[in-house]
Amino acid sequence: MIKRIKVGTASCGIAAGADEVYDYLSKNVTDHDVVEVGCIGHCYAEPLVEVETEDRSYFFENVEPTEEDLKNILDVGEEKRLTFRKERKDKELLKVSRLAGRIVPTSLQEYKENGGYQALEKALEMDPDNVVEEVKNSGLRGRGGGGFPTGIKWGLLAAKEDETKILICNADEGDPGAFMDKSLMECVPHQVMEGMLIAAHATGASEVFIYVRAEYPRAIEHLTTAIDQIIENKINVLNGKEIGIQVKEGAGAFVCGEETAMIHSLEGKRGMPRFRPPYPTDDGYKGHPTVINNVESYANVPVIISEGADEYSKVGTEGSKGTKLFALAGDLEYTGIVEVPMGITIGEIVYDIGGAEKGSVKAVQIGGPSGGCIPAKHFDTPVDYDSLNSLGAIMGSGGLIVIGNNRCMVETARYFLDFTARESCGKCTFCRVGNMRLLETLERITKGNGTQADIDLLEDLGPKIVDGSLCGLGQTAPNPVLSTLRFFKDEYKAHVEDKVCPALVCNDLVEIEIDHDTCIECMACVKTCPVDAISDDIEVDVDTCTRCNSCIEVCPVDAISRIPLRGE
Amino acid sequence: MPVATYLKEIDKDSSNLIKALQTVQKHEGFISDENLKELAEYFSMPPVEVEGVVSFYAQFKRSKPGQFIISVCDGTACHIKGSDLVKNWITEETGIESGETDDEGVFSVETVACLGCCSLAPVMAVNGKVHGNLSRKKVQKTLRQYREEAHND
Ligand SMILES: Cc1cc2nc3c(=O)[nH]c(=O)nc-3n(C[C@H](O)[C@H](O)[C@H](O)COP(=O)(O)O)c2cc1C
Ligand code: FES
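Residues numbered from 1 in each chain as written. Chains lettered and ligands numbered in written order. Predicted model: local features only at pLDDT ≥ 70, side-chain atom pairs only at ≥ 80, totals over all residues. Heavy atoms only, no water.

The next subject is the sheet that holds strand β2 (residues 107-112) of chain B. Residues and elements named next belong to chain B. Ordered by their spatial adjacency, 4 strands build an open sheet running β2-β1-β3-β4, and the pairing between neighbours is mixed. Bordering the open sheet on either side are β2 and β4 (129-131), each of which pairs with just one other strand. Between one strand axis and the next, the sheet turns by 25 degrees as a mean value, whatever way the strands run. Where strand β1 (residues 68-73) meets β2, 6 bridges bridge the pair, whose relative direction is parallel. In the sheet register, C73 faces β2, and the bridge partner there is V112. (Pairing = 2+ DSSP bridges. Helix = DSSP H or I, 4+ residues; strand = E, 2+ residues; numbered from the N terminus. Axes fitted to C-alpha atoms, helices over the stretch in contact; angles between N-to-C directions.)

Shown next, in the form of structure tokens:
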């Protein structure tokens, strides 16, 4: 017996067409409820439909709004039935994201039916100091990148006598390639709020802010709905004390993810970071003592309180406890969000969970523009804060981009520098000017105009920027360059010495070749070329050609390829 | 329209400036010189300070955008999956590059970092609606549909 039908309409689902599927199913299914849920993390399978029956659930992948798919779903047919791969099931451990994609995100009732707000109830019966102690004992470290022990931060705030104390949820998720926080806010907004309210009780905070990236409209919508429900049901009244809750929208500045910059932005100012100390716990939002934690950090809290610090800390390694969410994207088959125990190796995530083919992957980029790359030969590195740091990478917030053999590491480093150089707020000279120089140098190399002196410059200037910058943005901006230099120096050398891009990515170092033996003269490339660089006798004019690959895409016989640029 | 009409519910505390700017932009599409002056008055602060905030944040626009704003994602996942090509395809189709608005006022193109749909890379959003797994054909088809919609209005 079908109980109800769930359509995953988180933003990943919607981008794949889940809205149309939901509309179609709601219109055409009359006997069962059709509801919108979030994302279960298997983004590669979107649009994804779950059929809940009396005894179990069936999932259907890549559903289309057609009669055929509808019939298949209602019959719980085999077609498009998604079987979860054993390799992934064995390795994943769903704790924090347990309810994501399984419940209606904006239903308070459903969250409660699944154990929601019981941790808050439990916490409210505890002495605030004991809650702080419990979080300390759990070993939870900040999931926003820094890895600072959450309990210690809370203890600092709890010790303050001030009337007004502030809690901020950092939902700015600036790493361009990470979407775990977005998913938590879209799929289980009440869980994030429950964590914040427990934190408010533990620290004695009187007001909480959630600072969300403006690019996440759906997360903002779901959080706002959840907060309305919280206020209506007085869930924010903690042992008689009412906690104020506000959602604030960011305005598109990466640096605002840094905590002091975020505070300035919340105050309505330019989001410039400032020197620490004083730390926000001493001098934060409008001068009040303030604690900032990441979305995922807060979402861990109900889990800790429910199962107790002892149970929680059984998962993980010595210095890194619990689970971590990663956003898997790039060159692999099963993209999406995964939750894994700390201590799992990178290889297990990339190959077993992500289904990437061994040998097809060159590296992963972890921690986004502040992080570093880890080459395939180090994929047995366990995921914990300290092991990753020792490789010059960082845990970061959880963006994990798989880089295939066909990508250029120099160009990847250039990409990240382009990002950070643009996002620098301009306050520190090393960050403002230094990163720009790094970027120009990398551009020179990718264009084939680099020399050995340029590589030396990168190696010399990089660490100086790290030392000479005030905030985490500048201090970490050279990481992608330094870590690619450390592990892929041969690629830099090839660009500089041989003027060759080994991966055939850098446009200035490649040309397009047509193999006339294979070519069937269908003229598809000639017609497609947007700049008319291919003549009627099917020869490419190197000077006109923009290497846009349009011809390669349309060629029916694969006669066209990119090759290293031939000299004059 | 004078901005004060939208701002009724916003407290005159200067910490609400960003929210006020967002509200104005939502209604007007951009922040005009006029709006900027009015906002400064509303919050009793010098216009330069408002301009300082506006220029700091990428979200705020100082000129009128087209009817459809194409946001090309150049986040990490999209970048390695070919966002540069997507930009080329969009330019072929619309004749404009990132940061520009076409003469008819139909399209504006901007580059953004990560729309949070990385698993469908490369992606772009048009007025907030995300289109994933882009190919040249899909870009052409999508933009032509929007163009038609614009002509029908
Ligand atoms: C440039 C920069 C960007 C940052 N972006 C984020 C972000 O998007 N999300 C986040 O949670 N922390 C970010 N951080 C880290 C925060 O400053 C802060 O350490 C974190 O929010 C603390 O929360 P946690 O202890 O729970 O991790 C960023 C730091 C820097 C320097
Ligand atoms: S990188 Fe494009 S959506 Fe994330």
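Next, the rest of the story.
It is worth spelling out a nonpolar patch on the surface at this point. All names here are of chain A. A cluster of nonpolar side chains, F148, I152 and L156, forms an exposed patch at the surface whose accessible area comes to about 270 Å². Locating F148 in the fold gives a position in the loop between α7 (128-138) and α8 (150-158). Classification of F148 as partly exposed rests on a relative accessible area of 43%. (Patch = residues over 30% accessible without salt bridge, like charges linked within 9 Å, V, L, I, M, F, W, Y side chains within 5 Å. Areas by Shrake-Rupley, 256 points an atom, 1.4 Å probe, with all protein chains shown as cover. Salt bridge = Lys/Arg side-chain N within 4 Å of Asp/Glu carboxyl O. Buried < 20%, exposed > 50% of the residue type's maximum accessible area, 1.4 Å probe, protein only.)

The next point concerns the domain arrangement of chain A. Residue and element names in this part refer to chain A. According to the domain assignment, chain A consists of domain 1 (2-82), domain 2 (108-311), domain 3 (323-404), domain 4 (409-497) and domain 5 (510-564). The C-alpha-based centres of domain 1 and domain 3 are spaced at 30 Å. Listed per partner, the contact involves 4 residues of domain 1 and 5 residues of domain 3. Between domain 1 and domain 3, a total of about 340 Å² is buried, with carbon and sulfur atoms accounting for 65% of that surface. Linking domain 1 to domain 3 there are 0 salt bridges. Of the residues that constitute the side of domain 1 that touches domain 3, the class distribution is 2 nonpolar, 2 polar and no charged. (Domains from an automatic or database assignment. Contact = heavy atoms within 4.5 Å. Buried area = accessible area lost by both parts, 1.4 Å probe. Nonpolar A, V, L, I, M, F, W, Y, C, P; charged D, E, K, R; others polar.)

Once that is clear, we can look at the nonpolar core. If you look at the biggest cluster of nonpolar residues, it comprises 82 residues, and the most contacted ones within it are A:Y117, A:W154, A:L167 and A:I210. Apart from the residues within four sequence positions on either side, A:Y117 is in contact with A:L108, A:Y111, A:K112, A:H190, A:M193, A:E194, A:L197, A:I230 and A:I235. Ranked by size, the runner-up nonpolar core spans 43 residues in total, among them A:A251, A:I263, A:Y285 and B:I31. (Core = buried A, V, L, I, M, F, W, Y, C linked by side-chain atoms within 4.5 Å.)

Further remarks concern the site of ligand 1. Residue and element names in this part refer to chain A. Around ligand 1 sit 18 residues, and of these G144, N170, N293, N294 and S297 come closest. The separation between an oxygen atom of ligand 1 and a polar main-chain atom of E259 is 3.2 Å. The contact in question runs from an oxygen atom of ligand 1 to an N or O atom on the side chain of N294, over 2.8 Å. Protein chains bury 88% of the 610 Å² of accessible surface belonging to ligand 1 in isolation. In this structure, ligand 1 is accommodated by the second largest pocket. (Near = heavy atom within 4 Å. Polar contact = N/O pair within 3.5 Å; in protein donor to acceptor, adjacent residues only side chain to side chain. 1 Å grid on protein atoms, 1.4 Å probe; cavity = no way out; pocket = protein on both sides within 12 Å on 5 of 7 lines; lining within 4 Å. Sits in = over half its atoms within 2 Å of the grid points.)

Turning our attention to the sheet that holds strand β1 (residues 2-8) of chain A. All names here are of chain A. Taking strand neighbours across the sheet as the criterion, the 4 strands line up as β2-β1-β3-β4 in an open arrangement whose pairing is mixed. Two strands close off the open sheet at either side, each with one partner strand: β2 (33-37) and β4 (57-60). Taking the axes of each pair of neighbouring strands and ignoring which way they run, one obtains an average angle of 25 degrees across the sheet. Pairing analysis gives 5 bridges linking β1 to strand β3 (residues 49-53), with the strands arranged antiparallel. For I2, the partnering residue across the bridge sits in β3 and is T53.

Residues and elements named next belong to chain A. Within this structure, the stated rule accounts for 45 salt bridges over all chains. Close ionic contact of R102 with E50 constitutes a salt bridge, the shortest N to O distance being 3.0 Å. Placement of the pair is R102 in the loop between α4 (86-91) and α5 (108-113) and E50 in strand β3, with a sequence separation of 52 residues. Between E440 and R437 there is a salt bridge, with the nearest N and O atoms lying 2.9 Å from each other. Placement of the pair is E440 and R437 together in helix α17 (residues 429-446), with a separation of 3 residues, close to one helical turn.

So, about empty space enclosed by the protein. Residues and elements named next belong to chain A. One pass over the full model with this rule turns up 6 cavities of 30 Å³ or more. Approximately 110 Å³ is the volume attributed to the largest cavity. I40, G41, S97, A100 and I337 are the residues nearest the centre of the largest cavity, which is lined by 15 residues in total. Listing elements by their share of the lining of the largest cavity, those giving two or more residues are α9 (180-187) and β12 (336-341). (Points joined across faces, edges and corners; volume = space filled by probe spheres on them.)

Cis rather than trans, the peptide bond between A:E46 and A:P47 has omega equal to -10 degrees. Note on placement: A:P47 falls in the loop between β2 and β3. A cis amide bond, omega -5 degrees, links B:A121 with the succeeding residue B:P122. Mapping B:P122 onto the fold places it in the loop between β2 and β3 (124-126). Of note, the phi angle at A:N239 is positive, near 45 degrees, even though the residue is not glycine. Following the sequence through the fold, A:N239 ends up in the loop between β7 (237-238) and β8 (241-242).

How big an interface is tends to be stated in terms of accessible area lost as the parts join. Contacts between the two partners involve 54 residues from chain A, matched on the other side by 38 residues from chain B. Around 3,500 Å² of area is buried between chain A and chain B when both sides are counted, 55% of it from carbon and sulfur atoms. When the buried surface of chain A facing chain B is broken down by residue, A:A251, A:R270 and A:Y415 rank first, second and third, together holding 16% of it. Inspection of the chain A/chain B interface yields 1 salt bridge. Taking the shortest distance from any N to any O, the salt bridge between B:D13 and A:K286 comes out at 3.1 Å. Run the count over chain A and chain B and you get 23 residue pairs in polar contact (both at pLDDT 80 or more). Listing elements by their share of the side of chain A that touches chain B, those giving two or more residues are α1 (11-15), β9 (244-249), α12 (259-266), β11 (323-330), β15 (399-404), α16 (409-423) and α23 (550-554) of chain A. The dominant element in the side of chain A that touches chain B, judged by the number of residues it contributes, is α16(A), at 5 residues. Of the residues belonging to the side of chain A that touches chain B, the class tally is 26 nonpolar, 13 polar and 15 charged.

Moving on: the packing of α17(A) against helix α21 (residues 489-498) of chain A. All names here are of chain A. The interhelical angle for the contact between α17 and α21, taken along N-to-C directions, is 65 degrees, at an axis separation of 9 Å. Listed contacts from α21 to L442, I445 and T446 of α17 are Y492, H495 and V496. Here the residues of the contact of α17 with α21 sort into 4 nonpolar, 2 polar and no charged.

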